[in-house]
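# Results of the structural survey
The primary structure of each chain is shown beneath.
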Amino acid sequence: MKFIVSSTYLLKQLQVLGGVINSSNTLPILDNFLFELSSSKLIVSASDLETTMSSTLEVESESEGSVAIPARLLLDTLKTFPEQPLTFIIEDNNTIEISSNHGKYALAYANGNEFPKAVSLDNPSTTTIVGDILATAISKTIFAAGNDDLRPVMSGVFFQFSTESLTFVATDAHKLVKYTREDVAASEVAEFIMPKKPLNLLKGILAGSEDDVIVEYNDSNAKFTFDNVELICRLIDGKYPNYDAVIPKENPNKLTITRNQFLSSVKRVSIFSNKTTHQIRLKIAGAELNISAEDIDYSNKAEERLTCDYQGDDMQIGFNSRFLTEMLNNLNSDDVQLEMSLPNRAGILTPIDGLDEGEQVTMLVMPVMLNS
């Protein structure tokens, strides 16, 4: 088995796939890339059993076969080469020889048949989304997903597809983000929960991509196909909580403010907040918003006054500044609106501008109890 490939082209593809490989694997074979060659087509795969990603490369070859090559060693070697053709020759003594312009390098390989096979999806449902839209949907929601192993359904992003729109939801019970696209629709209604790791991989690859992504899914797995890449992952099993029930419908108190100004204030004031609760207090009266924080243990306190546009009753409400900062950081609008009903009910943060046609973002943040 022998093939010739460009060093930088191979490295670029392998770096994308390398994100799948865990730093410590239970099965040693998972520390390898699987190379499957059939004449001028080379399919390289990486897997952690939950997620498998493969990329198809064009190479010069007339042979076929499959081998598993140590991933870390191969990546470290490829990073040091300037652009040049590399010749890979699989020897009979279980070593693979790489020849460059300047030298030869031999590394041991494992049998490709030991590598776990990717799952095949039986009669899946299919939806097509533009890569950049999917990447945006992931980055707008994934930060709000939880990390609690006891509640695995909350540790992923909920995909809710209908014939009118696509909705993506993430929550950790303290904050919730719902991102909807009405300019994209699915052929049939479907719901599934995607784990974070494959989403982070997709987000990195698809940002700014105009390519169509074909999403296929059934009850247990989802598959994303685009360009020359295929990613298959196991879905999180379980029923997603009814998120619509926690979004308060009646919110008479509406605060409109410049996002950057609000974000800077919250960041500054939160430095003086209690290090365990990160609590800040918003006091709103008329056209004035007063943001304050106090850490009684160290006698630290801070207070800032901002002008805002406010309709509603005077109120005081407490929030965890970290959640508020994360949400404001994740919006790219100039102005935001914070809607509230009572100091013990969730606040709803929405962007006023900066959205594409058919795009909607709703962020919900739970309040914290204020000590009077």
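Above this text you will find the structure in question.
Conventions used here
Residues numbered from 1 in each chain as written. Predicted model: local features only at pLDDT ≥ 70, side-chain atom pairs only at ≥ 80, totals over all residues. Heavy atoms only, no water. Helix = DSSP H or I, 4+ residues; strand = E, 2+ residues; numbered from the N terminus. Buried < 20%, exposed > 50% of the residue type's maximum accessible area, 1.4 Å probe, protein only. Contact = heavy atoms within 4.5 Å. Areas by Shrake-Rupley, 256 points an atom, 1.4 Å probe, with all protein chains shown as cover. Core = buried A, V, L, I, M, F, W, Y, C linked by side-chain atoms within 4.5 Å. Pairing = 2+ DSSP bridges. Axes fitted to C-alpha atoms, helices over the stretch in contact; angles between N-to-C directions. Parallel < 35°, antiparallel > 145°, perpendicular 65-115°, else oblique. Left-handed = near helix turned anticlockwise from the far one by under 90°. Nonpolar A, V, L, I, M, F, W, Y, C, P; charged D, E, K, R; others polar.

### A few points about the overall build of the chain
- Along the backbone of the chain there are 6 helices and 27 strands.
- Counting over 372 residues, the chain shows a buried share of 51%.
- Sequence-distant contacts, at least 24 apart, represent 66% of the contacts inside the chain between residues at least 6 apart.
- For the chain, the computed accessible surface area is about 17,900 Å², with 47% contributed by carbon and sulfur atoms.

### Structural notes on the nonpolar core
- The biggest cluster of nonpolar side chains holds 99 residues, and the ones touching the most others in it are Phe 33, Phe 35 and Phe 224.
- Membership of the second largest hydrophobic core comes to 13 residues, among which are Leu 176, Ile 193, Ile 236 and Tyr 240.

### What about the sheet that holds strand 24 (residues 335-340)?
- Within the open sheet, the 9 strands sit side by side as 14-11-12-13-26-25-24-18-22. Their pairing is antiparallel. Each edge of the sheet is formed by a strand with only one pairing partner; in this case those strands are strand 14 (190-195) and strand 22 (309-311). In this sheet, neighbouring strand axes are inclined to one another by 15 degrees on average, regardless of whether the strands run parallel or antiparallel.
- Across 6 bridges, strand 12 (residues 166-171) lies against strand 13 (residues 175-181) in antiparallel orientation. Each bridged residue has a counterpart across the sheet, and for Thr 171 the counterpart in strand 13 is Leu 176.

### Some points on helix 3 (residues 131-141)
- Within helix 3, 8 of the 11 residues are buried, which leaves the element mostly enclosed by the surrounding structure.
- Buried residues of helix 3: Gly 131, Ile 133, Leu 134, Ala 135, Ala 137, Ile 138, Lys 140 and Thr 141, and no others.

### A few points about the packing of helix 3 against helix 4 (residues 196-206)
- At a closest axis distance of 8 Å, the pairing of helix 3 and helix 4 adopts a crossing angle of 135 degrees. One element, helix 3, and the other, helix 4, form an angle in the oblique class. Helix 4 is crossed by helix 3, and the crossing has left-handed handedness. Seen from helix 3, the contacting residues are Gly 131, Asp 132, Leu 134, Ala 135, Ile 138 and Ser 139; seen from helix 4, they are Leu 199, Leu 202, Lys 203 and Leu 206.
- A per-class count over the contact of helix 3 with helix 4 returns 6 nonpolar, 2 polar and 2 charged.

### Considerations on the sheet that holds strand 20 (residues 288-295)
- Read from one edge to the other, the open sheet built from 5 strands follows the order 21-20-19-23-27, with strand pairing classed as antiparallel. Strand pairing shows two members of the sheet lacking a second neighbour, strand 21 (300-307) and strand 27 (367-368), which therefore form its edges.
- Taken together, the 8 bridges between strand 20 and strand 21 define a ladder with antiparallel strand orientation. What sits directly across from Asp 295, in strand 21, is Asn 300.
- On top of the sheet, helix 6 (residues 321-330) reaches strand 19 (279-285) and strand 23 (315-320); it is set at about 85 degrees to strand 23, its chief contact.

### As for the pairing of strand 6 (residues 85-90)
- As paired strands, strand 1 (residues 2-6) and strand 6 are joined by 5 bridges and run antiparallel to one another. When the bridges of strand 6 are listed, Lys 2 appears paired with Ile 89.
- With 4 bridges joining them, strand 6 and strand 7 (residues 95-99) adopt antiparallel strand pairing. Among the inter-strand pairings, Thr 87 is bridged to a residue of strand 7, identified as Ser 99.
- A loop of 4 residues connects strand 6 with strand 7, the two strands running antiparallel in sequence, and Asn 94 in this loop sits at a positive phi of about 60 degrees.

The quantities given are spatial measurements derived from coordinates; they are silent on function.
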